[in-house]
Amino acid sequence: MQTLGVFAKQPVPGRVKTRLAADWDVDRAATLYECFVRDLLNRFRDAGDRRVVGFAPDLEAARDWFGSAAPGSQWTLWAQPEVGLGGRMEAFFTAWGDDDADRTLLIGSDSPSIPDSWLDHAWRLLEDSDCVIGPASDGGYWLIGLRGSVTSEARRAVFDGVDWSTANVLAQSVERVARVGLRLELLPVWYDVDSAEDVEMLRGHLQAMAVAGEKLELPETSRFLGLAASQSNTMSGAT
């Protein structure tokens, strides 16, 4: 079973994108984050065999919001437990990737522009490897995947004691993967969008993709960034 999980928070102002909010304001930052989440859930609504939204917080309001944001019945809602990030990630893989035949991927909601094809590549890599990681340019990672045959002890070791939200996440995680003897594969480096500078990078990247004729369906994000019209016109000219 190929499963894709997306960790996301209900886009409540002041509780999401706090680094970006420090440069902008809480409402504007939350609105952009909402665009990211909606676009990701729409883009990957048919990915793999099963799709799971790991939502937070574990409140009825959040469940209702994600129930309306996730397209149709194509996503299953799963509340993240109220523990640290490592514990939540371990719990996700235990809940959705514990069968030997499972190949389970988990991404966050800070990288709206990741290429669709890289998810398929990650699942292929897990046919022969135990773990796949997509490094992020800030020292973390934008994707982690595990094969279902990885033991519960190894899963726990991969996520336990990592200094989350620091530039050490990737190095510490890879060290843990090696320590427990898992076979590791890597995807290309990508970027998260956490600051005002990152938003401008995303804007420029989407503009460049449009000029190059590369289609990426991020309608909500593009509209927020004022790119929808220019992208549409450019794409029409390219075709």
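Refer to the structure above for everything that follows.
All figures in this text were calculated on a predicted structure; none of them were measured in a lab.

A. A look at the packing of aromatic side chains. Counted by the stated rule, this structure contains 12 aromatic pairs. Considering the side-chain rings of F7 and F92, the 5.9 Å spacing of their centres and the 85° angle between planes classify their relative orientation as edge-to-face. Note that F7 is positioned in strand β1 (residues 2-9) and F92 in helix α4 (residues 85-96), a separation of 85 residues in sequence. Relative accessible area serves as the criterion here: at 0%, F92 is assigned to the buried category. Three or more aromatic residues joined by ring pairs form one cluster here, namely F7, W78, F92, F93 and F159. Over the aromatic face of W24 sits the side chain of R28, whose NZ or CZ is 3.8 Å from the ring centroid.

B. Spatial organisation of the sheet that holds strand β6 (residues 141-147). The strand order across the open sheet formed by 7 strands is β3-β2-β1-β4-β6-β5-β7, and the pairing between neighbours is mixed. The open sheet is flanked by β3 (76-79) and β7 (184-186), the only strands paired with a single partner. Pairwise comparison of adjacent strand axes, ignoring direction, gives a mean angle of 20° for this sheet. Taken together, the 5 bridges between β1 and strand β4 (residues 103-107) define a ladder with parallel strand orientation. From the neighbouring strand, G5 faces β4, where its bridge partner is L106.

C. Representation of the pairing of strand β2 (residues 50-56) in the model. Of all 7 residues making up β2, 6 are buried, and the element is well covered by its neighbours. Bridge count between β1 and β2: 7 bridges; the pairing is parallel. Each bridged residue has a counterpart across the sheet, and for K9 the counterpart in β2 is A56. The pairing of β2 with β3 spans 4 bridges and is parallel.

D. Fine view of unusual backbone geometry. Looking along the chain, the bond that leaves A56 and enters P57 is cis, with omega of -5°. Here P57 shows up in the loop between β2 and α3 (60-69). Of note, S165 is a non-glycine position whose phi angle comes to about 65°, a positive value. Looking at where S165 falls in the secondary structure, it is placed in the loop between α6 (152-159) and α7 (169-179). Its relative accessible area of 77% is what places S165 among the exposed residues.

E. Structural context of the pattern of salt bridges. Scanning the model with the defined rule gives 14 salt bridges in all. Residue R38 pairs with E34 through a salt bridge whose shortest N-O separation is 2.9 Å. With R38 and E34 both in helix α2 (residues 26-43) and 4 residues apart, this pair spans about one turn of that helix. With a relative accessible area of 27%, R38 lands in the partly exposed category. With relative accessibility at 25%, the residue E34 sits in the partly exposed group. One salt bridge connects E127 with R103, and the closest N-O pair in it is separated by 3.3 Å. You can see E127 sitting in the loop between α5 (116-125) and β5 (131-135) and its partner R103 sitting in strand β4, a full 24 residues away along the chain. A residue is classified by how much of its surface remains accessible, and E127, at 43% relative accessible area, is partly exposed.

F. Representation of the nonpolar core. With 51 residues, the main nonpolar core has L4, F44, L105 and L143 as its most contacted residues. Broken down by element, the residue count for this core peaks at 8 residues, all from α2. Once residues lying within four places of it in the same chain are set aside, the contact partners of L143 are L105, L106, I107, L119, A122, V132, I133, G134 and L187. In this structure, W78, C131, Y141 and F159 belong to the second largest nonpolar core, which totals 21 residues.

G. Quick peek at α2. Here α2 spans 26 Å end to end across 18 residues, near enough to the 26 Å set by a 1.5 Å rise per residue. Those residues of α2 lying buried are A29, A30, L32, Y33, C35, F36, V37, D39, L40, L41 and R43. In this structure D25 caps α2, since a side-chain oxygen of it lies 3.0 Å from the backbone nitrogen of D27.

H. Spotlight on the layout of surface pockets. Size it by volume and the largest pocket reaches roughly 1,100 Å³. Residue lining of the largest pocket: 36 residues in total, with L85, D110, S165, D192 and D194 positioned closest to the centre. Among the elements of the structure, β1, α1 (18-23), α4, β4, β6 and α8 (196-211) are those that each provide at least two residues to the lining of the largest pocket. Counting residues per element, the lining of the largest pocket draws most heavily on β6, which supplies 4 residues.

About the criteria used
Residues numbered from 1 in each chain as written. Predicted model: local features only at pLDDT ≥ 70, side-chain atom pairs only at ≥ 80, totals over all residues. Heavy atoms only, no water. Phe/Tyr/Trp six-rings, centres within 6.5 Å; stacked < 30°, edge-to-face > 60°. Helix = DSSP H or I, 4+ residues; strand = E, 2+ residues; numbered from the N terminus. Buried < 20%, exposed > 50% of the residue type's maximum accessible area, 1.4 Å probe, protein only. Lys NZ or Arg CZ within 6 Å of the ring centre and 35° of its normal. Pairing = 2+ DSSP bridges. Axes fitted to C-alpha atoms, helices over the stretch in contact; angles between N-to-C directions. Salt bridge = Lys/Arg side-chain N within 4 Å of Asp/Glu carboxyl O. Core = buried A, V, L, I, M, F, W, Y, C linked by side-chain atoms within 4.5 Å. Contact = heavy atoms within 4.5 Å. Expected span 1.5 Å × (residues − 1). Polar contact = N/O pair within 3.5 Å; in protein donor to acceptor, adjacent residues only side chain to side chain. 1 Å grid on protein atoms, 1.4 Å probe; cavity = no way out; pocket = protein on both sides within 12 Å on 5 of 7 lines; lining within 4 Å. Points joined across faces, edges and corners; volume = space filled by probe spheres on them.

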